[in-house]
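One letter stands for each residue in the lines below.
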Protein chains: 4
Amino acid sequence: MERAHSTDTAVLRMHCPDQPGIIAVITDFITSNGGNIVYLDQYVDRADGVFYMRVEWDLKTFGIPKEKLCDYFATLYARRYDMTYNISFTSRRQRMAVFVSKMSHCLYDLLSRYIAGEWDVEIPVIISNHPDLAIVGKQFDIPFEVIPVNRDNKAEMEQREFEILDSYGVDFIVLARYMQVLSEDFINRYPNNIINIHHSFLPAFIGAKPYHQAFERGVKLIGATSHYVTTELDAGPIIEQDVTRITHKDTVADLVKKGRDLEKIVLSRAVEKHIQRKILTFGNKTVVFS
Amino acid sequence: MERAHSTDTAVLRMHCPDQPGIIAVITDFITSNGGNIVYLDQYVDRADGVFYMRVEWDLKTFGIPKEKLCDYFATLYARRYDMTYNISFTSRRQRMAVFVSKMSHCLYDLLSRYIAGEWDVEIPVIISNHPDLAIVGKQFDIPFEVIPVNRDNKAEMEQREFEILDSYGVDFIVLARYMQVLSEDFINRYPNNIINIHHSFLPAFIGAKPYHQAFERGVKLIGATSHYVTTELDAGPIIEQDVTRITHKDTVADLVKKGRDLEKIVLSRAVEKHIQRKILTFGNKTVVFS
Amino acid sequence: MERAHSTDTAVLRMHCPDQPGIIAVITDFITSNGGNIVYLDQYVDRADGVFYMRVEWDLKTFGIPKEKLCDYFATLYARRYDMTYNISFTSRRQRMAVFVSKMSHCLYDLLSRYIAGEWDVEIPVIISNHPDLAIVGKQFDIPFEVIPVNRDNKAEMEQREFEILDSYGVDFIVLARYMQVLSEDFINRYPNNIINIHHSFLPAFIGAKPYHQAFERGVKLIGATSHYVTTELDAGPIIEQDVTRITHKDTVADLVKKGRDLEKIVLSRAVEKHIQRKILTFGNKTVVFS
Amino acid sequence: MERAHSTDTAVLRMHCPDQPGIIAVITDFITSNGGNIVYLDQYVDRADGVFYMRVEWDLKTFGIPKEKLCDYFATLYARRYDMTYNISFTSRRQRMAVFVSKMSHCLYDLLSRYIAGEWDVEIPVIISNHPDLAIVGKQFDIPFEVIPVNRDNKAEMEQREFEILDSYGVDFIVLARYMQVLSEDFINRYPNNIINIHHSFLPAFIGAKPYHQAFERGVKLIGATSHYVTTELDAGPIIEQDVTRITHKDTVADLVKKGRDLEKIVLSRAVEKHIQRKILTFGNKTVVFS
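Residues numbered from 1 in each chain as written. Chains lettered and ligands numbered in written order. Predicted model: local features only at pLDDT ≥ 70, side-chain atom pairs only at ≥ 80, totals over all residues. Heavy atoms only, no water.

1. Examining the overall build of chain A
Within chain A one finds 8 helices and 13 strands. Over its C-alpha atoms chain A spans a radius of gyration of 21 Å, differing by no more than 12% from the 19 Å that the globule rule assigns to 290 residues. Its C-alpha atoms give chain A principal-axis dimensions of roughly 60 × 40 × 40 Å. Within chain A, the fraction of its 290 residues that count as buried is 61%. Long-range pairs, those at least 24 residues apart, make up 67% of the contacts in chain A between residues at least 6 apart in sequence. Between the centroid of the 34 positive side chains of chain A and the centroid of its 38 negative side chains there is a distance of 4 Å. (Helix = DSSP H or I, 4+ residues; strand = E, 2+ residues; numbered from the N terminus. Rg over C-alpha atoms; globule rule 2.2 N^0.38 Å. Buried < 20%, exposed > 50% of the residue type's maximum accessible area, 1.4 Å probe, protein only. Contact = heavy atoms within 4.5 Å. Lys, Arg positive; Asp, Glu negative; His and termini not counted. Charge placed at Lys NZ, Arg CZ, Asp CG, Glu CD.)

2. Focus on the environment of A:Q213
Residues and elements named next belong to chain A. The residue Q213 is located in helix α7 (residues 210-217) in this model. By relative accessible area, Q213 is classed as partly exposed at 27%. Note: C-alpha distance between Q213 and N153 (60 residues apart in sequence) is 30 Å. Leave out the neighbours within four places in its chain, and Q213 touches F205, I206, G207 and A208.

3. With respect to helix α2 (residues 66-81) of chain B
All names here are of chain B. For α2, spanning 16 residues, the distance from its first C-alpha to its last is 22 Å, which sits close to the expected 22 Å at 1.5 Å a residue. At A74, α2 shows its largest bend, some 50°. The elements touched by buried residues of α2 are β1 (9-17), α1 (22-32), β3 (50-58) and β4 (84-89). Where α2 terminates, the next one or two residues include D82, which has phi positive at roughly 60°. (Expected span 1.5 Å × (residues − 1). Bend = angle between axes of the 7 residues up to and from the residue.)

4. Concerning the interface of chain A and chain B
Contacts between chain A and chain B engage 34 residues on the former and 34 residues on the latter. The contact between chain A and chain B buries some 2,900 Å² in all, and 56% of this surface belongs to carbon and sulfur atoms. Counting the surface chain A buries against chain B, the share from its top three residues, A:R217, A:K220 and A:H248, is 25%. Counting the contacts that link chain A with chain B gives 6 salt bridges. Put simply, the parts of the chain that give the side of chain A that touches chain B at least two residues each are β2 (36-45), α7, β11 (238-245) and β13 (285-288) of chain A. Per-element accounting of the side of chain A that touches chain B gives the leading share, 7 residues, to β11(A). The residue makeup of the side of chain A that touches chain B, split by class, is 16 nonpolar, 7 polar and 11 charged. (Buried area = accessible area lost by both parts, 1.4 Å probe. Salt bridge = Lys/Arg side-chain N within 4 Å of Asp/Glu carboxyl O. Nonpolar A, V, L, I, M, F, W, Y, C, P; charged D, E, K, R; others polar.)

5. Quick look at the relation of the copies chain D and chain C
For the match of chain D to chain C, the screw axis carries a shift of 0.0 Å, the RMSD comes to 0.0 Å, and the turn is 180°. What we have between these two chains is a two-fold relation. Nearest to the rotation axis, the C-alpha of D:A204 is located 2.3 Å from it, this being the minimum over chain D. Of the interface residues in chain D, 100% have counterparts in chain C that sit at the interface too, so the contact is made through matching surfaces. (Least-squares fit on C-alpha atoms with pLDDT ≥ 70 in both.)

6. Observations regarding the interface of chain D and chain C
In this complex, chain D contributes 34 residues to the contact, which on the side of chain C involves 34 residues. Taking both partners together, chain D and chain C bury about 2,900 Å²; carbon and sulfur atoms supply 56% of that area. Considering only the surface of chain D that becomes buried against chain C, D:R217, D:K220 and D:H248 emerge as the three largest contributors, covering 25% of it. Counting across the chain D and chain C interface gives 6 salt bridges.

7. Re the nonpolar core
Among the nonpolar cores identified, the biggest contains 176 residues, and A:M96, B:M96, C:M96 and D:M96 are the most heavily contacted of them. Sequence-distant contacts of B:M96, defined by excluding residues within four places in its chain, comprise B:L110, B:W119, B:V121, B:E122, B:I123, B:P124, B:V125, B:F172, B:V174, B:V271 and B:I275. (Core = buried A, V, L, I, M, F, W, Y, C linked by side-chain atoms within 4.5 Å.)

8. Quick word on unusual backbone geometry
One can expect most non-glycine residues to show negative phi and most peptide bonds to be in trans. Residues B:L202 and B:P203 are joined by a peptide bond in cis, for which omega reads 10°. By secondary structure assignment, the location of B:P203 is in the loop between β9 (194-198) and α7 (210-217). For A:F205, which is not glycine, the phi dihedral falls at a positive 60°. Its place among the elements puts A:F205 in the loop between β9 (194-198) and α7. Judged by its relative accessible area of 10%, A:F205 falls in the buried class. Unlike most non-glycine residues, B:K209 shows phi in positive territory, near 55°. Examined against the element boundaries, B:K209 turns out to sit in the loop between β9 and α7. Under the relative-accessibility criterion, B:K209 is labelled exposed at 55%.

9. Re the sheet that holds strand β1 (residues 9-17) of chain D
What links the strands of a sheet is backbone hydrogen bonding, and the strands pair in either a parallel or an antiparallel sense. Residue and element names in this part refer to chain D. Strand order in the open sheet formed by 4 strands is β2-β3-β1-β4, with antiparallel pairing between adjacent strands. With one partner strand each, in any of the chains shown, β2 (36-45) and β4 (84-89) form the two edges of the open sheet. Pairwise comparison of adjacent strand axes, ignoring direction, gives a mean angle of 10° for this sheet. Relative to β4, β1 runs antiparallel, the two being bridged by 6 bridges. From the neighbouring strand, M14 faces β4, where its bridge partner is Y85. Relative to the sheet, helix α2 (residues 66-81) contacts β1, β3 (50-58) and β4, its axis offset from that of β4 by approximately 160°. (Pairing = 2+ DSSP bridges. Axes fitted to C-alpha atoms, helices over the stretch in contact; angles between N-to-C directions.)

10. Here's the deal with the side chain of B:E240
Note that B:E240 resides in strand β11 (residues 238-245). B:E240 gets classed as buried once you look at its relative accessible area, which sits at 11%. Side-chain polar atoms of B:E240 contact the side chain of B:R269, separated by 2.6 Å. Setting aside chain neighbours within four positions, we find B:E240 in contact with A:K220, A:R245, B:A224, B:T225, B:S226, B:V266, B:R269 and B:A270. (Polar contact = N/O pair within 3.5 Å; in protein donor to acceptor, adjacent residues only side chain to side chain.)

Written out as structure tokens, the structure is:
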């Protein structure tokens, strides 16, 4: 099966104090050096006076070599405008690890997109605290590492996970209904690079058994939320959310069932935006460019 | 403008411990006495073993007189099957009071449906703690009573409200963005007969300024919830909820704006179900029949 | 992985001319013979005077043997009330064939639910007019038959398909983005037992390349429709539909991408309802019980 | 009630053949002349090679006088880049006429937003082919002109409508469930300035009685579409669409009822975008900026 073709473009994601002329300055920098802008989206937070932008340009006829671009940009603009920024190149395919426990629906959804070539990403490894889904790794011919982490052995087990992640050159991690809480140390190693799916419309029903909580409260919609993991439980920057309608007829088991479709779609939408380098985090929020 | 025509039907809403044959018993009671069932919906909560049903039948050829129906039903079935039940007649148009403060969008939505004859209901009075929307009462020729309730005079002012509500023969109350908390005494006078609209997806963002809370948390959807008012704030049985998508570009003012459409639609859906006698409450939940 | 447990229940789906007392008669038949009703939903089409019902009851303590039930029901009720009906037993797991061409997203979605035991169904065979997805059959260990049907050899190839379907005892067929039109002969062999997914909000954009048509028309939402296949193209009884929002920024390729999630979810919802025996067709419409 | 405050900004909407540097050129023109950009959104249609942009900037410190701006822009940029463009000033409140027939739900929704000051617009006149809703004009103190147009007197009656529209200085027209087809002459007078609401998900169910058509087809969702009126019936550029779920239980009357909420919300969303000058039409499509 074919893979999405990586064209050779540069992606700048940045934010800085808002000021007149900033768009003109940056777009002029790109075009006057021979870059052809293929995407530009920007947004000004007027309340806080912050300017956010994502620009992507074709490098074919761009005059500045890749390896010098960051340096040039820092010297010429970033310092002057007090920018926080990130420049990446789409020719470099990112590497994503998937963490799972026993439920397979999110994992299958991720892998079926991957195998069909929908995403410009590599999935070199799946990690699980249980052996149950090893068969899925075998189906898709992806190494499946069982690391039986629990409360008591977390530090030691996470150490093994770090080694695995490093050995596979993993850039970011997707928790596809992974039922373990990561340590602060783990989270701090991958800032804004761990994507979780929580099976509720956050901030409603934080923590364990959100479908049971939803059932008890008698809500008429259930939700799912994909967010970057931070050290506070279920409180990281939200990337994507969606809901589906339920009725009084639905039991907890029905909520679990209806929720599965939500979870996998919401998680995959978030992962896709991350792969496309379309997310910019600021404080505890995300800017998700179109 | 025309009003929805009231046919003469009886509506039975009931719940009881589940047992075999209960549907057959009740439908047989109705049809063997000449009633033509025009609606039946039922639901069994298997976890708790409770049977819920709503039946509506035409009284034209029904042999038991209205004034004796409750008595017969109680004697023949209700006691035997340990039912909690309510029988009402659609020929009696219910009377609904609307409470408002300063925002007009929900009020206009309710009144424009009322004036167009969409609902089989009377709205004899609007009550407000502010005079701002008196002009709307005038537009629709509905008495508008200003009762400037606040924390200090609540008991006294509510007394005046009770007198007004009694004088207009009000059956149930709709809080159409009414910005005052009702006393326990008030709430207990109208059990399951006070409908509120809260501008969040409950139980997220309980209490004041939910749009500000939603903005701070960086959610990607905002919601509205219509529920019966109980003595615990924003915690009563939920009747209806819905959400709408927002993005990082939306300011708090944008959320307020987008939320208005949600609020009015969600509130009106809940009010319509109440008018149609399609809601059954149990514990802190609702069964909303189709 | 576990499979959903099949309890031993009978499912009656029926419709007949509406008349008073019909619910009482049928529910009494079941309960007086020792059957415990676990589900009942009914609906009266008042315009046409038709009564529709689905009842499901536990057979554990039911006095009439399975093999005699249809006969008894026909004699005692069906003729008398002029019913069209179907009685089936959930202890018998239905057998479903999947037809595919080159796109894998719907197939993966079906198989991942199947393998996780979400559905009480067997998938004994996948049939395709292309060899591309044979690898998926291998992944899930399901026979994958390549039948290279085209316009010229359709009669002959369909004959081979019938043999395969018969040899696997297939009850119903799911066209999971199968890009061939079936012959009338084929369709008539499986009335209301062939489920298709069409990638538009039918009846908009019938026929080929619906996403191109949607793009040309400049719609703001795209849809997907799952329906039973009849001899008129894309005109069979609709089971399920859904839509997703698009903008002017979306190219045809974006529509194809956004459409994939719609297609797989809408198809799976329809298949699930079919497996649960919750669909009743009448004329060119479906009653989909809750 | 307060009206939204009109700040003094200029809005440029334009499209032209795509070329490198176009954003830099225009944003530099604005900022180097003292304009503070408060909004910028752009979009490149790569298939057709067209660049679309909407820029809005504060005029407070802008050096070029309003009355000369169009001239300058045409000379300096528009000709050079082959732009199709429009410059408008938000200090000028647009004037909107509403056309209605007998149904009030869209009219009330528009007027309740207007009276609450949600929109920066004037509604100087309502025109109807029936007197039924004259009372609504009276409620909101807006002139209500009855022009009993029909097939035979259309030319003459439209002449009277033109006079009324001119006398009130009307900029654009909203057909709020107006049940008459406008003449080509009428439509050509207000290109991209007549907004209609059609009660179906176009292009499904064009023409009369779309809810009846939807009922006959057995769809599971009904829709509403707001579009600019062109001379081909229900085929103009679509501005906004939405859908709502229905079931087999819904009669045509139920569809009409559920459709009303869709119609009013979809129409009002489209009108708001038009008032905000956020729509750009090209061919038979719209670009609707965020």
